[in-house]
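Per-entry structural report
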Amino acid sequence: MRTPTDVLRDEHAIILRGLDVLEAAARQAEDGRDAGAPAEGGPIDVMLEEHVRGRALLQAMAEHTSIERARVARHYAQFLRDHIDKEHEVVFPLAEAVLDEQALEWLAHEFSTVEAEQGPGASLDAAHAAVGALAMALVRTARP
């Protein structure tokens, strides 16, 4: 039986694959093959720096215990919420404005490839179910 944490690990694999694609695009931008977004000091650069900070926070959660882990978890949750807001408000509109049809088709193909590699456990439906199961488990453990 696949556990909710197995599903979350699979989702992270998809996210990491997406980050590989993003970093490849960033390398192209640094080589002067960007799609109209500044390579240094621009929004993509900021987001990549935040990805490094996010991974550091995840590592900190793994290394700490109890109260400190909870403090870092709260910080990570707010950090990731802010990061996602930036992606929605800045990065996605920028991508939609500067990427041509061919680039968008290539990205869609890459997303489909990752989805096929990960299987049905990596679907959005599976992710929703996993988060729901974790929420229910948390409710059960909080009861006296």
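Preceding block: the structure.
It should be emphasised that the depicted structure is a prediction, and the values quoted were computed from it without experimental measurement.

**A look at the overall build of the protein**
- Scanning the protein for helices and strands turns up five helices and zero strands.
- Taken from N to C terminus, the helices and strands of the protein fall in the order α-α-α-α-α.
- Out of the 144 residues in the protein, the part that is buried amounts to 22%.
- Taking as baseline every contact in the protein between residues at least 6 positions apart, the subset at least 24 positions apart corresponds to 67%.
- Of the accessible surface of the protein, which amounts to about 10,300 Å², a share of 59% is contributed by carbon and sulfur atoms.

**Let's talk about helix α3 (residues 66–98)**
- The end-to-end C-alpha distance of α3, which contains 33 residues, comes to 45 Å, matching closely the 48 Å that a straight helix rising 1.5 Å per residue would cover.
- A maximum bend of about 40 degrees is found in α3 at E87.
- Of all the residues in α3, the buried ones are V72, Y76, F79, H83, E87 and V91.
- Of the surrounding secondary structure, the elements contacted by the buried residues of α3 are α2 (43–63).

**Re the pattern of salt bridges**
- Going through the model one piece at a time under the given rule, you end up with two salt bridges.
- With its nearest N and O atoms 2.3 Å apart, the salt bridge here joins K86 to E50. Of this pair, K86 sits in helix α3 while E50 sits in helix α2, and the two are 36 residues apart along the sequence.
- The class for K86 is partly exposed, based on a relative accessible area of 34%.
- For the salt bridge of R71 with E68, the shortest nitrogen-to-oxygen distance reads 2.5 Å. Note that R71 and E68 are positioned in helix α3 at a spacing of three residues, about one turn of the helix.
- Take R71: its relative accessible area is 48%, and that puts it in the partly exposed class.
- Among the residues examined, E68 registers a relative accessible area of 28% and is labelled partly exposed.

**So, the packing of α2 against α3**
- Where α2 contacts α3, the two axes come as close as 10 Å, and the packing angle between them is 160 degrees. As summarised for this structure, α2 and α3 are arranged roughly antiparallel, according to the angle between their axes. With respect to the hand of their crossing, α2 and α3 are arranged in left-handed fashion. Across the interface between the two elements, P43, I44, M47, E50, H51, R53, G54, L57, L58, A60, M61 and A62 of α2 pack against R69, V72, A73, H75, Y76, F79, H83, K86, E87, V90, V91 and L94 of α3.
- Partitioned by chemical class, the residues of the contact of α2 with α3 number 15 nonpolar, four polar and five charged.

**Considering the environment of I14**
- Mapped onto the elements, I14 comes out in helix α1 (residues 4–30).
- Judged by relative accessible area, I14 falls into the partly exposed class, the value being 26%.
- Measuring from C-alpha to C-alpha, the distance between I14 and E115 comes to 7.5 Å, with 101 residues separating the pair along the chain.
- If we ignore the near neighbours within four places in the chain, the residues touching I14 are V114, Q118 and A122.

About the cut-offs
- Residues numbered from 1 in each chain as written.
- Predicted model: local features only at pLDDT ≥ 70, side-chain atom pairs only at ≥ 80, totals over all residues.
- Heavy atoms only, no water.
- Helix = DSSP H or I, 4+ residues; strand = E, 2+ residues; numbered from the N terminus.
- Buried < 20%, exposed > 50% of the residue type's maximum accessible area, 1.4 Å probe, protein only.
- Contact = heavy atoms within 4.5 Å.
- Areas by Shrake-Rupley, 256 points an atom, 1.4 Å probe, with all protein chains shown as cover.
- Expected span 1.5 Å × (residues − 1).
- Bend = angle between axes of the 7 residues up to and from the residue.
- Salt bridge = Lys/Arg side-chain N within 4 Å of Asp/Glu carboxyl O.
- Axes fitted to C-alpha atoms, helices over the stretch in contact; angles between N-to-C directions.
- Parallel < 35°, antiparallel > 145°, perpendicular 65-115°, else oblique.
- Left-handed = near helix turned anticlockwise from the far one by under 90°.
- Nonpolar A, V, L, I, M, F, W, Y, C, P; charged D, E, K, R; others polar.

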